[in-house]
Amino acid sequence: MGNPVVHSHRSALAAQLLTMAFATHNRYDPNSQDSNPRLFACMQMYGDALTIPVPDVDRTDNLLILGANPATSNGSQMGLGNARERFATIRDRGGKIVLIDPRRTESAAWATSHHFVRPGGDAALLMAILHVLFAEHRVNVHDIAVSGLDVLAGIAARFPPERVAPAVGIDPATIRAIARDFADAKAACAYARVGVCQNAFGPVASWLVEALNVVTGNLDRAGGAMFGTPAADIGRVGRLVVGNAFGRWRSRVRGLPEFLGALPSAALSEEIETAGEGQIKALVVLAGNPGSSTPNGERLARALATLEHVVGIDFYVNETTRFAKVILPPRHLFETGNYDVLLSRFAVRNVAKYNPPIVTTGDDLRDDWEIATEVALRVRAPGLLQGVARACARGLPERAIDLLLRTGPYGLSLAKLKDAPHGLDLGPLVPAGAAGIRTRDRVVQLAPEPLVADVERLERWVDDVRQDGLVLIGRRHVRSNNSWMHNARSLTNGTDRSQLMMHPEDAAERGLIDGSDVRVTSRVGAVTVRLLASTDLMRGVVSLPHGFGHQAVADTLKVAGALAGVSANVLTDDQSVEPVVGTSILNGVPVSVERIATEGPTQPP
Ligand SMILES: Nc1nc2c(c(=O)[nH]1)N[C@H]1C(S)=C(S)[C@@H](COP(=O)(O)OP(=O)(O)OC[C@H]3O[C@@H](n4cnc5c(=O)[nH]c(N)nc54)[C@H](O)[C@@H]3O)O[C@H]1N2
Ligand SMILES: Nc1nc2c(c(=O)[nH]1)N[C@H]1C(S)=C(S)[C@@H](COP(=O)(O)OP(=O)(O)OC[C@H]3O[C@@H](n4cnc5c(=O)[nH]c(N)nc54)[C@H](O)[C@@H]3O)O[C@H]1N2
Ligand SMILES: [Mo]
């Protein structure tokens, strides 16, 4: 399953139906490249992987952003229109926006201060911030019931800013100032996204982001980190169908844990390659491009080529579906209509909107739900029942949304939403109280055992980190979406956005020339890419976007295939995952960069 299944109610249901129809433990999805550390931390602390707070940006006085770039991503797990204006409003009322990122990103222009951090350094930095708050008696959880506060204080005591600073690259005085400003603000919120998840310490860092909000009394408070009150709460159904489950089964070869019904994608290649009982022989890919989006993509491509059967449900013949024996092209949600059932729970105000179809196409096309229905019926339902089941399935996604809306907190319905073509604003986020916490005793766990268990490794990293090599981080651009918007000329024309960014002094040290092609090598792969020297990057860090490098599919993706660029995931390592949940390490990947003999263009135009 790929990322777009979370953007459409029909595709989300299709994904679930296919999983049930094939009844396999071999399900893989982007969470292990994306949110798993955060989902895991929330499950441990609040009792539920979908109980994820949203920054109340419209009322906050201090927004601490770590590893997110809303100026390009438009906010992830933070749904908001006109992000730029809303951030400007925080500044206008004298609020602070503090950005922590190894690159001075587009969002730095929105922030009141930006600090470079060593990739993977957020967990240690947050420990030091908590250290300051405990040491200076600035901790005040207000009226949230918590447990583990003393354990957390004891752990934070081991991370004074002086110990952490050399490893993370932020000086002790700055760490203290960030901590004090955060604690002193009338309302503050720490918000972290993929930059904090996709590294060696994602789970601990994600835990500490939440903990920071809790111990400063900013969880569930206006201007802090609040829970949405979705009009149609899929969480209830999700908890029933998927459960808040972790480690119910493990991957066959490496023993990586299942989480929320899926195995870490980093295990997919070896599960295909390794003979024996349970070896993967066939793959169905719904709305995903793992050949481009998962670590060590070249190894996965070689593995995909050996499969007995591949089915691709996608409108593109891409790095993954090129191995398909059958491609089922779906209709897009613009043709079917959509209720944003999963992501609307992350909106910064409570909202509900139904998007009717805006494009009409022929009747001979099917969308993801219709495709999944047919596949499931032919796999599972006896011939006689197929007609009835098919009739029931038709319109089921809309009936399900309608039911959730009717039984939801606002008593809405699909018909009411269709009457409100611009959507309904259901007001600002409201405190949920104890009912918002889903642990059995409604108490927030501030020191969950599986996360505490990883602290020793963090201490070793803090004391051992050597800063002589280069590490790779990713990059997103507003006109690109993961791997799949590069075949549209209107989105790809203009400047090349696929270059390797590097600080000019790092380039000079290696005798590299801005604008020339360089060789980047990691443990698993090597690429040749154009160098872009930029002081926007921290020393010791290089940045390459993911989702580029479509040369292998140039005959089907004519525009994308002719673009410059390489896939960052040629360099990322499938054998290196963080040890708590098994998330891929896509940021902070050790690489070396060298000059190559011939300068000037050596790759396709
Ligand atoms: N190095 C590195 N790798 C990363 C990341 C990173 O930051 N750095 N980010 C990770 C993240 S956060 C994510 S979410 C993943 C994304 O990983 P994937 O989901 O595997 O990749 P996408 O490029 O989003 O591919 C989506 C596919 O779905 C198809 N599609 C679009 N809409 C629909 C639809 O409605 N129905 C169907 N059936 N198909 C559709 C598109 O054509 C495309 O082929 O990538 C991850 N990989
Ligand atoms: N235009 C556009 N919008 C998108 C997407 C897209 O591809 N294009 N993808 C969508 C998807 S699938 C997702 S998941 C979201 C992601 O949404 P965001 O997380 O907001 O997106 P990114 O731009 O990847 O921001 C991550 C930032 O983390 C920084 N970073 C890297 N390593 C570290 C680190 O160790 N510590 C810290 N503090 N920072 C680090 C990177 O430099 C980068 O600026 O965006 C979504 N929106
Ligand atoms: Mo994502």
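Residues numbered from 1 in each chain as written. Chains lettered and ligands numbered in written order. Predicted model: local features only at pLDDT ≥ 70, side-chain atom pairs only at ≥ 80, totals over all residues. Heavy atoms only, no water.

1. A look at the site of ligand 2
With respect to spatial proximity, 29 residues lie near ligand 2, and among them Ser73, Asp101, Gly120, Asp122 and Ser480 are the closest. The contact in question runs from a nitrogen atom of ligand 2 to an N or O atom on the backbone of Gly67, over 3.2 Å. One of the backbone nitrogen or oxygen atoms of Gly120 is found 2.7 Å away from an oxygen atom of ligand 2. When ligand 2 sits alone it has 920 Å² of accessible area, and the protein chains cover 92% of it. Elements represented by at least two residues in the shell around ligand 2 include exactly α3 (70–73) and α9 (194–197). In terms of residue class, the shell around ligand 2 is made up of 9 nonpolar, 15 polar and 5 charged. (Near = heavy atom within 4 Å. Polar contact = N/O pair within 3.5 Å; in protein donor to acceptor, adjacent residues only side chain to side chain. Areas by Shrake-Rupley, 256 points an atom, 1.4 Å probe, with all protein chains shown as cover. Helix = DSSP H or I, 4+ residues; strand = E, 2+ residues; numbered from the N terminus. Nonpolar A, V, L, I, M, F, W, Y, C, P; charged D, E, K, R; others polar.)

2. With respect to the sheet that holds strand β12 (residues 326–327)
The strand order across the open sheet formed by 3 strands is β10-β11-β12, and the pairing between neighbours is parallel. For this open sheet the edge positions go to β10 (282–286) and β12, each flanked by a neighbour on one side alone. Two strands pair when backbone bridges link them, and strand β11 (residues 309–313) and β12 are joined in this way by 2 bridges, in the parallel orientation. If you follow Gly312 over to β12, its bridge partner there is Ile327. (Pairing = 2+ DSSP bridges.)

3. Things to note about the site of ligand 1
Around ligand 1 lies a shell of 27 residues, among which Asn3, Ser293, Asp314, Asp368 and Ser483 are the nearest. Side-chain polar atom of Asn318 to an oxygen atom of ligand 1: 2.8 Å apart, as the coordinates give it. Look at ligand 1: alone it shows 920 Å² of surface, and the protein chains cover 97% of it. Per-class residue counts for the shell around ligand 1 are 11 nonpolar, 12 polar and 4 charged.

4. With respect to empty space enclosed by the protein
Inspection of the entire model under this criterion finds 3 cavities of 30 Å³ or more. In this structure, the largest cavity encloses a volume near 60 Å³. Surrounding the largest cavity, Asn289, Tyr316, Asn318, Glu319, Ser483, Trp484, His486, Asn487, His550, Leu557 and Ala560 form its lining. A class-by-class count of the residues in the lining of the largest cavity yields 4 nonpolar, 6 polar and 1 charged. Lining the second largest cavity are Arg38, Tyr191, Ala192, Arg193, Val196, Cys197, Ser206, Val209 and Glu210. Listed by contribution, the elements that provide at least two residues to the lining of the second largest cavity are β6 (188–192), α9 and α10 (202–215). With 3 residues, α10 is the single largest residue contributor to the lining of the second largest cavity. Tallied by class, the residues present in the lining of the second largest cavity amount to 5 nonpolar, 1 polar and 3 charged. (1 Å grid on protein atoms, 1.4 Å probe; cavity = no way out; pocket = protein on both sides within 12 Å on 5 of 7 lines; lining within 4 Å. Points joined across faces, edges and corners; volume = space filled by probe spheres on them.)

5. Comments concerning the packing of helix α5 (residues 122–135) against helix α21 (residues 455–464)
When two helices pack together, their arrangement is given by the angle between their axes and by how far apart the axes lie. Their axes nearest at 10 Å, the elements α5 and α21 cross at an angle of 100 degrees. Here α5 lies roughly perpendicular to α21, going by the angle between them. Residues Ala123, Ala124 and Met127 of α5 form the contact with α21, whose participating residues are Val455, Leu458, Trp461 and Val462. A class-by-class count of the residues in the contact of α5 with α21 yields 7 nonpolar, no polar and no charged. (Axes fitted to C-alpha atoms, helices over the stretch in contact; angles between N-to-C directions. Parallel < 35°, antiparallel > 145°, perpendicular 65-115°, else oblique. Contact = heavy atoms within 4.5 Å.)

6. Some points on the packing of aromatic side chains
One pass over the full model with this rule turns up 8 aromatic pairs. Aromatic pair Phe87 and Trp110: ring centres 5.2 Å apart, planes at 55 degrees, arrangement tilted. Of this pair, Phe87 sits in helix α4 (residues 83–92) while Trp110 sits in the loop between β3 (96–100) and β4 (113–115), and the two are 23 residues apart along the sequence. In this pair, the class of Phe87 matches that of Trp110, namely buried. Pairing Phe315 with Tyr316 gives two aromatic rings, centres 5.9 Å apart and planes at 85 degrees, and the pair type is edge-to-face. The class for Tyr316 is partly exposed, based on a relative accessible area of 25%. Members of the aromatic cluster, each reached through a chain of ring pairs, are Phe40, Phe246 and Phe259. The ring of Phe159 carries Arg163 above its face, with NZ or CZ at 5.7 Å from the centroid. One cation-aromatic arrangement involves Lys418 over Tyr354; the distance from NZ or CZ to the ring centre is 5.1 Å. (Phe/Tyr/Trp six-rings, centres within 6.5 Å; stacked < 30°, edge-to-face > 60°. Buried < 20%, exposed > 50% of the residue type's maximum accessible area, 1.4 Å probe, protein only. Lys NZ or Arg CZ within 6 Å of the ring centre and 35° of its normal.)

7. Structural notes on the environment of Pro295
Within the secondary structure, Pro295 sits in the loop between α13 (290–293) and α14 (297–304). The exposure class assigned to Pro295 is buried, which follows from its relative accessible area of 3%. When the C-alpha atoms of Pro295 and Ala267 are compared, they prove to be 9.6 Å apart, with 28 residues separating the residues in sequence.

8. Brief notes about a nonpolar patch on the surface
A contiguous nonpolar patch, built from Met20, Val237, Leu240 and Val241 and spanning about 410 Å² of accessible area, is present on the exposed surface. Among the elements that line the nonpolar patch, the one with the most residues is helix α11 (residues 234–241), at 3 residues. Position of Leu240 among the secondary structure elements: in helix α11. Judged by relative accessible area, which is 76%, Leu240 ranks as exposed. (Patch = residues over 30% accessible without salt bridge, like charges linked within 9 Å, V, L, I, M, F, W, Y side chains within 5 Å. Salt bridge = Lys/Arg side-chain N within 4 Å of Asp/Glu carboxyl O.)

9. Comments concerning the pairing of strand β14 (residues 349–352)
Every other side chain in a regular strand lies on the same face of the sheet, so the side chains alternate between the two faces. What you see with β14 is a clean split: Asn350 and Ala352 sit on the buried side and Arg349 and Val351 on the side with no burial. Here β14 runs beside strand β16 (residues 424–428); their pairing, made up of 3 bridges, is antiparallel. The residue bridging Val351 from the neighbouring strand is Asp425, located in β16.

10. Quick look at the sheet that holds β4
Pairing is parallel across the open sheet formed by 4 strands, whose spatial order is β4-β3-β2-β6. The strands lining the two open edges of the sheet, one partner per strand, are β4 and β6. Adjacent strand axes in the sheet meet at a mean angle of 15 degrees when their direction is disregarded. Here β3 runs beside β4; their pairing, made up of 3 bridges, is parallel.

11. Remarks on the environment of Asn355
Relative to the helices and strands, Asn355 is located in strand β15 (residues 354–355). As for Asn355 and Thr336, which are separated by 19 residues in sequence, their C-alpha atoms are 9.0 Å apart. Those residues in contact with Asn355, other than ones at most four positions away along the chain, are Gly337 and Asn338. Within the structure, Asn355 has its side chain in polar contact with the side chain of Lys353 (distance 2.6 Å).

12. Remarks on the layout of surface pockets
Rolled over the atoms, a probe sized like a water molecule indicates the empty space that remains. Taken as a whole, the second largest pocket spans an internal volume of roughly 480 Å³. Along the walls of the second largest pocket sit 25 residues, with Ala200, Trp461, Val471, Gly588 and Pro590 positioned nearest its centre. Taken together, the elements giving at least two residues each to the lining of the second largest pocket come down to α21, β18 (470–473) and β23 (589–595). The biggest single contributor to the lining of the second largest pocket is α21, with 4 residues.

13. A closer look at the pattern of salt bridges
For the coordinates displayed, the defined rule picks out 35 salt bridges. We note a salt bridge from Asp425 to Arg349, for which the minimum N-O separation is 3.0 Å. A residue pair is termed long-range when its members are at least 10 positions apart, and Asp425 in strand β16 and Arg349 in strand β14 qualify at 76 residues. You can call Arg349 partly exposed: its relative accessible area is 27%. A salt bridge links Arg378 to Glu374; its shortest N-O distance comes to 3.0 Å. Taken as a pair, Arg378 and Glu374 lie in helix α16 (residues 368–380) at a separation of 4 residues, close to a single helical turn. Classification of Arg378 by relative accessible area gives exposed; the value is 61%. Bridged by salt links that share partners, the residues Glu505, Asp506, Glu509, Arg510 and Arg539 form one connected network.

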